[in-house]
Amino acid sequence: MTNPLLSEWETPFEMAPFDTVSDEDFAPAFEAALEEARGEIAAIADNPAPPTFANTVEALEVAGDRLDKVLSVFFTVAGADSNDRRQELQREFSPKLAAYSSEIYGNKALFQRIATLWDARESLGLTEEQERVLMLTHRGFRRAGAGLEGAADKRMREIRARLAELGTAFTQNLLKDEAGWFMELNEADLDGLPEFVVRSARAAGEEKGAEGPVITLSRSLIVPFLQFSPRRDLREKAYEAWTSRGANGGETDNREIAAEVLKLREERAKLLGYESFAAFKLETEMAKTPEAVRGLLMDVWGPARAQAEADADVLTEMMREDGVNGPLEPWDWRYYSEKRRKIEHNLDETALKPYLQLDRMIEAAFACAHRLFGLEFERLDVPLYHSDCRAWEVTREGRHVAVFIGDYFARGSKRSGAWCSAMRGQRKFPDVKGPVVINVCNFAKGDPALLSYDDARTLFHEFGHALHQMLSDVTYESISGTSVARDFVELPSQLYEHWLEVPEVLSEFATHAETGEPMPQEMLDKVLGAATYDMGFQTVEYVASAMVDLAFHEGEAPDDPMAKQAAVLAEMGMPRAIRMRHATPHFAHVFSGDGYSSGYYSYMWSEVMDADAFAAFEEAGGAFDAEKAKALEENILSTGGSREAEELYLAFRGRMPGVEALLKGRGLAA
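Here the residue numbering is sequential within each chain, running from 1 through the sequence in written order. Two thresholds apply to this predicted model, a pLDDT of at least 70 for residue-level local features and 80 or more for giving and counting side-chain atom pairs, whereas whole-chain, interface and lining totals are computed over all residues. Hydrogen atoms and water are omitted, and side-chain values are computed over all heavy atoms in the structure.

Participant: Pulling in residues and values, what's your account of the overall build of the protein chain?
Facilitator: From N to C terminus, the protein chain includes 27 helices and 7 strands. In summary, the protein chain has a C-alpha radius of gyration of 25 Å against a globular reference of 26 Å for 670 residues, a match within 12%. Viewed in the frame of its principal axes, the protein chain has a C-alpha envelope of about 80 × 60 × 55 Å. The buried share among the 670 residues of the protein chain stands at 59%. The contact criterion used is simple: two residues touch if any of their non-hydrogen atoms lie within 4.5 Å. Counting only contacts in the protein chain whose residues sit at least 6 apart along the sequence, the fraction spanning at least 24 positions is 74%. Summing over all exposed atoms, the protein chain offers an accessible surface of approximately 26,700 Å²; the carbon and sulfur share of this is 49%. Counting rule applied: Lys, Arg positive; Asp, Glu negative; His and chain ends not counted. By convention, the charge on Lys lies at NZ, on Arg at CZ, on Asp at CG and on Glu at CD. The protein chain carries 73 positive and 114 negative side-chain charges, and their two centres are separated by 2 Å. Here a strand is any run of E in DSSP of at least two residues, a helix any run of H or I of at least four, and the numbering for each starts at the N terminus. It is over C-alpha atoms that the radius of gyration is taken, and the globule rule equals 2.2 Å times the number of residues to the power 0.38. Type-normalised accessible area, obtained with a 1.4 Å probe on protein chains alone, sets the label of each residue: buried when under 20%, exposed when over 50%, and partly exposed for intermediate values. Here the Shrake-Rupley method, with its probe set to 1.4 Å, supplies the accessible areas, and only the displayed protein chains count as covering residues.

Participant: I'd love a proper account of helix α2 (residues 53-62), names of residues and values included.
Facilitator: Counting buried positions along α2 yields 8 of 10 residues, so the element is predominantly enclosed. Along α2, the residues that are buried comprise Phe53, Asn55, Thr56, Val57, Glu58, Ala59, Leu60 and Glu61. Turning to α2, the residues buried within the fold contact α1 (23-45), α3 (65-80), α5 (108-119) and α6 (128-144).

Participant: Summarise the pattern of salt bridges; cite the residues concerned and give the values.
Facilitator: Any two side chains of opposite charge can pair, given that their charged atoms come close. When a carboxyl oxygen of Asp or Glu is within 4 Å of a side-chain nitrogen of Lys or Arg, the pair counts as a salt bridge. Inspection of the entire model under this criterion finds 61 salt bridges. Between Arg245 and Glu178 there is a salt bridge whose closest N-O contact spans 2.9 Å. In this pair, Arg245 is assigned in the loop between α10 (232-243) and α11 (255-271) and Glu178 in helix α7 (residues 150-180), connecting sequence segments 67 residues apart. A salt bridge links Arg341 to Glu338, with the nearest nitrogen and oxygen atoms 3.1 Å apart. Taken as a pair, Arg341 and Glu338 lie in helix α14 (residues 330-344) at a separation of 3 residues, close to a single helical turn. Linked by salt bridges that have partners in common, Asp23, Asp81, Arg86, Asp388, Asp407, Arg411, Lys414 and Lys445 make up one network.

Participant: Tell me about the pairing of strand β5 (residues 399-409), and please be specific about residues and values.
Facilitator: Taken residue by residue, a regular strand's side chains alternate between the two faces of the sheet. Where burial is concerned, most of β5 is hidden: 9 out of the 11 residues are buried. Pairing between strands requires that DSSP locate at least two bridges from one strand to the other. Relative to β5, strand β4 (residues 390-396) runs antiparallel, the two sharing 7 bridges. Bridge pairing in β5 places Ala391 opposite Ile405. What sits between β4 and β5 in their antiparallel hairpin is a turn of 2 residues, with Glu397 showing a positive phi close to 50°.

Participant: I'd love a proper account of the nonpolar core, names of residues and values included.
Facilitator: To define a nonpolar core, start from buried Ala, Val, Leu, Ile, Met, Phe, Trp, Tyr and Cys residues and group those joined through side-chain atoms within 4.5 Å. One finds Leu459, Phe463, Met470, Phe488, Tyr496 and Trp499 to be the most contacted residues of the largest nonpolar core, which totals 136 residues. Leu5, Trp9, Ala29 and Tyr385 belong to the second-largest nonpolar core, a separate cluster that totals 50 residues.

Participant: Go over the environment of Ala78, please, and point to the residues and values.
Facilitator: Within the fold, Ala78 resides in helix α3. For Ala78, a relative accessible area of 5% gives the class buried. Considering only alpha carbons, one finds Ala78 and Lys414, 336 residues apart in sequence, at a separation of 8.2 Å.

Participant: Explain helix α26 (residues 645-653) residue by residue, including any values.
Facilitator: Residues of α26 that are buried include every one of Ala645, Leu648, Tyr649, Phe652 and Arg653, and no others. Each buried residue of α26 sits inside an arc of 110° when the element is viewed along its axis, so together they form one side. The inward-facing, buried residues of α26 abut α18 (486-497), α24 (602-620) and α25 (626-637). The positive-phi residue at the C-terminal boundary of α26 is Gly654, with phi of around 90°. The arc under discussion is defined with respect to the helix axis, by the directions toward the C-beta atoms.

Participant: How would you summarise the packing of aromatic side chains if you had to cite specific residues and measurements?
Facilitator: Aromatic pairing here means that ring centres of Phe, Tyr or Trp (its six-membered ring) are within 6.5 Å. Orientation follows from the plane angle: under 30 degrees is stacked, over 60 is edge-to-face, and everything else is tilted. Summed over all chains, the structure comprises 39 aromatic pairs. Look at Trp333 and Phe537: their rings are 5.3 Å apart centre to centre, the planes differ by 25°, and that puts the pair in the stacked class. Linking Trp333 in helix α14 with Phe537 in helix α21 (residues 535-554), this pair joins segments that are 204 residues apart in sequence. On the accessibility criterion, Phe537 (7% relative accessible area) is buried. One residue, Arg121, lies across the ring of Trp118, its end atom 3.7 Å from the ring centre. Remark: a charge is flagged as sitting over a ring if the NZ atom of Lys or the CZ atom of Arg is within 6 Å of the ring centre and within 35 degrees of the ring normal.

Participant: Give me the environment of Gly167: which residues, what numbers.
Facilitator: Within the secondary structure, Gly167 is located in helix α7. Sequence-wise, Gly167 and Gly621 are 454 residues apart; in three dimensions their C-alpha atoms are separated by 47 Å. Other than its neighbours up to four places away in sequence, Gly167 contacts Phe591 and Ser592.

Participant: Can you break down the side chain of Arg132 residue by residue, with the values?
Facilitator: Secondary-structure assignment places Arg132 in helix α6. Under the relative-accessibility criterion, Arg132 is labelled buried at 13%. Pairing of N or O atoms within 3.5 Å defines a polar contact, subject to two protein rules: one partner must be a possible hydrogen donor and the other a possible acceptor, and residues neighboring in sequence count only if both atoms are side-chain atoms. Looking at Arg132, its side chain comes within polar contact range of the side chain of Glu644, at 2.6 Å. Among all residues touching Arg132, those that are not within four sequence positions of it are Gly641, Ser642, Arg643 and Glu644.

Participant: Describe empty space enclosed by the protein, and please don't skip the residues or the numbers.
Facilitator: Only protein atoms enter the 1 Å grid, on which a cavity is a set of points fitting a 1.4 Å probe that cannot get out and a pocket is an open set with protein on both sides within 12 Å along at least 5 of 7 lines, lining residues being those with an atom within 4 Å of a point. Grid points are joined across faces, edges and corners, and a volume is the space filled by probe spheres set on the points. Applying the stated rule across the entire model yields 6 cavities of 30 Å³ or more. Roughly 60 Å³ of internal volume is contained in the largest cavity. Lining the largest cavity we find Phe196, Arg199, Ser200, Lys353, Ala444, Lys445, Gly446, Pro448, Ala449 and Leu450. Classification convention: Asp, Glu, Lys, Arg as charged; Ala, Val, Leu, Ile, Met, Phe, Trp, Tyr, Cys, Pro as nonpolar; all other residues, Gly among them, as polar. Considered class by class, the residues forming the lining of the largest cavity number 5 nonpolar, 2 polar and 3 charged.

Participant: Describe the sheet that holds strand β7 (residues 436-443), listing the residues and the values that go with them.
Facilitator: Read from one edge to the other, the open sheet built from 5 strands follows the order β3-β4-β5-β7-β6, with strand pairing classed as mixed. The open sheet has two edge strands, β3 (376-380) and β6 (419-424), and neither has a second partner. Strand-to-strand twist of the sheet, defined as the mean angle between neighbouring strand axes without regard to direction, takes the value 30°. All axes are obtained by fitting lines to C-alpha atoms, using only the stretch in contact for helices, and the reported angles, taken between N-to-C directions, cover 0 to 180 degrees. Sheet strands touched by α3: β5, β6 and β7. Its angle to β6, the strand with the most contacts, is close to 155°.

That is the geometry; function is a separate question.
As structure tokens, then:
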């Protein structure tokens, strides 16, 4: 029987045939595609003809196409719908993929062909985009260690393989801790909880096979529980479970993994001649240096910490009025902050949430994309990997643009958080391919599903990433979509969040789940007025995580990352009632792979730009100004990594912004 992963996909838009793929297809398809890819790389490296851009760089662009197809399906389901077999396959595939990557970057004949082209680049008659792809290819090989020889080359291969294994183990340990813990509630424990939390807890209990409602470690369930439960003992139990993921001892403990990862990264950087991993990693980002990152973070830290400390005093006094003595604890913050928000802004989350229906917020995200960029969305009836998923064809003026898949609900088989990925990136070489883009979230189920305002912002954020993929218009897939500097990639996503706050968007799409009535103007005003509420807390927990990430990678790798984490936080003067957004044992951004290592700061670096970029719309004539939307698409959303990030932003805005716009946007300006 033919393996469906290796067949031509005669499906709508050549989408993956999820309905015909079984877990038993993955291993044989992977092995066959990997062997084919190796042959394609060898053919390029061993080509007796002199190197040309076509027979070397363009050939590399399409080498491994079949392997990419197989892995696009596998990693989609492994992250969003995992099971024991898929986790086992991840552990098997990870070192093999690392070895394959090392074979490519360690292939001296291949690197020599690329180096020859690089040296002769000015005489090759390349287009600007081809020059960019050549530069990135040459730089990628050099930074991967292609120039290393002998023992150093061998050691680099070993490091890359081991890091791949450790990243997979870190992710799977975290998934097991998240899936394995839940707290059962009896009917009395539900007292004081809003109906939407009770419904979500009952749905989670059904999913876990429990006899009644439960609280899980899904952010969309545990955060509202911490906001509303008057039971301080249960809040503490839930909070400590949430923040101790990956640090519970036994087989799923991630602390030793984190220590080994940091040691190996430091060794890797020094093999390449860098003084630290942070120096190596930041070389290709907009920030360029650890000093620039620290400067940004500390510019924000002072105002944020001052605001958080002032807020802590108010919350402590509220706690005293409830007869609770002792200091304000981390499991108290959200509870008393929610009570304070209700008092000061007269904004009640329980009254707000019925106006934020998931389906209506999806409509809102689509409607904004239509007004800004002319995109249309039509539901597709195609097989997907889980019954929770839904798909749309994206068109513009009747022309196919992309396929968009949304997978919105939390479940035990899905890793936590929210993300955007492309099962297929946009390209025009060697043939024209439209992207297939997925947004994955972890919202609580309900009938209808209701979102918090933070959830709604997450939906818009991930859809901003999706637009960056869908509107890409370049020749080569290696620079399409989100293939940009890490501290630039969050600009489109964070910028898109601003459209959720446009009054006319909320007034049209924030309609009550039962009555269908639009959000009252008074409530709308309160929502927008409270947009920066508790921003001291949010900024402190984020900046603390970013500073610990930077400190881990800037100097000598610590023997004990937990001790290093504690030292960094103590030196910063971390408020005792706030903890890092991501403590080391569950800091997946940093330890599941290299993506955000030394780069967690990038959300804030991008926020400096997104605040300024949205201001450009406001200055030009409003959130839906046609000329600004066209400039945004032409200079940022369609260009991928075809030019340097700073050059793209300058083309859009005409200048680089300062931190002032960020502080103002967060309500932290003096």
